[in-house]
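Now for the letters of each chain:
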Amino acid sequence: MSLEPARDFVIVGGGTAGWMAAAALAKCAGTQQRRITLIESEAIGTVGVGESTIPPIQLFNRLLGIDEDEFVRETNATFKLGIEFVDWRRVGERYFHNFGLLGADLRTGVSFNHYWLRWAQSGGDPDQLRFSAEAEAARLGKFGRTPGAAGSGQPNINYAFQFDASTYAAYLRRYSEKRGVIRREGKVVDVRQDPETGFIDAVQMEDGSSIQGDFFIDCSGFRGLLIEQVFKAGFEDWSHWLPNDRAAAAPAERMPEPAPYTVARAREAGWQWRIPLQHRTGNGYVYCSSYISDDEASSRLVESLGGSALADPRVLRFQAGRRRASWVKNCLALGLSSGFLEPLESTSIHLVQAAISKFLDFFPARRPDPALIDRFNEEMRFQYESIRDFIIAHYKVTEREDTEFWRYCRHMSIPDTLAEKLEMFRARGEVKPRWSDIFSEVSWFAVLYGQGLTPEGYHPLADLMSEDDLELTLSRIRSAIRQKVDALPSHGDFIRGCCSSREMSAA
Ligand SMILES: Cc1cc2nc3c(=O)[nH]c(=O)nc-3n(C[C@H](O)[C@H](O)[C@H](O)COP(=O)(O)OP(=O)(O)OC[C@H]3O[C@@H](n4cnc5c(N)ncnc54)[C@H](O)[C@@H]3O)c2cc1C
């Protein structure tokens, strides 16, 4: 087996996934001894949505060495402290999935949520979010990068971004081209494979030229031009658990003061997002076409924009599931070509980032080691499945029975892996995620508790603290959080202070 590293990378697709891959390869593998070519077709275009993210994106920005204020300004971004879920458990109820920690690390080996459960079960305030700086700041429309006080066990405010998908790809394109990535405009119409090994040798362009490479990254979107159409990796369909298969998306005018969070409002046949950006508000109704027509979903969306629409709704189609293998021979699929769950917890861009990080770690030889490929695919399978379970939980754990869609969700069967987690949570308020799970115990707690699953007990070691100490500890944490949040500026003022875009400054 040749250990000579791959030198010639060809990325097919210039959506978010393609330009994220180009930027990371240019930064980490360099273009001195490697050639990185990205092919995109303006005629085909990109999916053009994907605006809400989760906190690990900060790591990706750090990997690229991006200046965060510049990034926020140029992508018309806002800061995101979590997601507000409206009408999910019952119509009229809401809860918040907060980023960051709950409470503080008490350095006892037992998570804070168990102490809080003990307290709440004996009559304390049933709103655990009073112990989340992110949730409190979101409630008050505040934001800042204030660090936690040293030695307090209090973390920094944890956040992600909400940005304009098209300007994000354009931003990464500028970054990549500056670092030597070659962009080729045009349509890939065919693929040349080595007749003996089946490895891809080159892609054939519509204008008759061909582009050769050692390694091909398929970022061609849902069509999976290489991974599916050439390698027939296969698709694992999860639509029986995640039945939403369409989204109607429409931008609306900007909010005068953009909220530092995404809103996910449950609707009759799915849910609706509202993502406040600096220059506009992104909106979309994600729905299941068996329960509502495109026209009806589009008009429901338009009726509820809460501001003037800037364009007519655009309907996108998708199917929840994942490619059985993301990496086959000398081809890696990233982004929509490797699978899509649905946008409820804003995880797709994260999955691109996670696959890129893993790929850099597993950086291949010209003829990659099959054991390495198997391991990669196994790890990505785990990531997809754990996110899948988390998203399904939002639909399954509900008291809603008011429409056919919600009756289906409430009574559908669920994966055994999720059933186990729900049982554990019911018993003592924890699901024990594995270290490589994207969603931590805090996230599971926020969502399952918010959806109405109330734990019967808590961790037995949480009883070791005396009642007085527990009261004192909780009240100290609560006032530390209040102090921290009180000191924050409003989200709008924070942006105006360091990272407002031209559009926001002009507004
Ligand atoms: C309704 C909806 C909402 C979403 N919301 C979120 C969200 O809030 N957060 C999040 O993280 N993710 C979200 N996503 C997912 C997110 O949009 C995608 O993960 C992300 O945009 C990456 O897309 P992509 O680059 O894989 O594909 P695309 O954007 O589809 O890009 C495909 C690229 O391949 C090129 N191409 C295709 N065929 C050829 C060819 N033959 N020759 C040359 N070029 C070709 C196209 O021109 C294009 O450049 C959402 C997705 C949907 C559908």
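Residues numbered from 1 in each chain as written. Predicted model: local features only at pLDDT ≥ 70, side-chain atom pairs only at ≥ 80, totals over all residues.

Draft legend 1. Highlighting the site of the ligand. Around the ligand there are 40 residues in total, and Gly13, Gly15, Gly50, Gly221 and Gly335 lie nearest to it. Where the shell around the ligand is concerned, the elements lending two or more residues are helix 1 (16-28), strand 2 (35-40), strand 13 (246-253) and helix 8 (348-361). The dominant element in the shell around the ligand, judged by the number of residues it contributes, is helix 1, at 3 residues. (Near = placed C-beta within 6 Å. Helix = DSSP H or I, 4+ residues; strand = E, 2+ residues; numbered from the N terminus.)

Draft legend 2. Spotlight on helix 5 (residues 133-140). Counting buried positions along helix 5 yields 6 of 8 residues, so the element is predominantly enclosed. Within the span of helix 5, buried status applies to Ala133, Glu134, Ala135, Glu136, Ala137 and Ala138. Along its buried surface, helix 5 packs onto strand 4 (82-86), strand 5 (94-98) and helix 13 (467-486). Where helix 5 terminates, the next one or two residues include Gly141, which has phi positive at roughly 70°. (Buried ≥ 20, exposed ≤ 12 C-beta atoms within 10 Å, placed from the backbone. Contact = placed C-beta atoms within 7 Å.)

Draft legend 3. Structural detail: the pairing of strand 16 (residues 280-287). Counting buried residues in strand 16 gives 8 out of 8 residues, a clear majority hidden from the surface. Alternating residues of strand 16 divide into Arg280, Gly282, Gly284 and Val286 and Thr281, Asn283, Tyr285 and Tyr287, and every residue in both groups is buried. Note that strand 13 and strand 16 share 8 bridges and pair antiparallel. What sits directly across from Ala247, in strand 16, is Val286. (Pairing = 2+ DSSP bridges.)

Draft legend 4. Structural context of unusual backbone geometry. Phi is positive for Asn76, which is not a glycine, with a value near 55°. By secondary structure assignment, the location of Asn76 is in the loop between helix 3 (68-74) and strand 3 (78-80). Its 24 C-beta neighbours within 10 Å are what place Asn76 among the buried residues. Backbone geometry at Arg107 places phi at a positive 55°, although glycine is not the residue there. Relative to the assigned elements, Arg107 resides in the loop between strand 5 and helix 4 (112-121). Residue classification places Arg107 among the exposed positions, given that 7 C-beta atoms sit within 10 Å.

Draft legend 5. Just the environment of Met412, in detail. For Met412, the position within the fold is in the loop between helix 10 (404-411) and helix 11 (416-428). The exposure class of Met412 is partly exposed, given the 14 C-beta atoms found within 10 Å. The spacing of Met412 and Trp241 is 171 residues in sequence and 7.2 Å in space, taken between C-alpha atoms. Contact partners of Met412, with chain neighbours within four places excluded, come to Trp241 and Lys396.

Draft legend 6. Region of the structure containing the sheet that holds strand 7 (residues 182-185). Ordered by their spatial adjacency, 6 strands build an open sheet running 7-2-1-11-20-19, and the pairing between neighbours is mixed. Because the sheet does not close on itself, it has two edges, and the strands there are strand 7 and strand 19 (327-328). Bridging between strand 2 and strand 7 involves 4 bridges; their strand directions are parallel. Paired with Ile39 across the bridge in strand 7 is Arg184.

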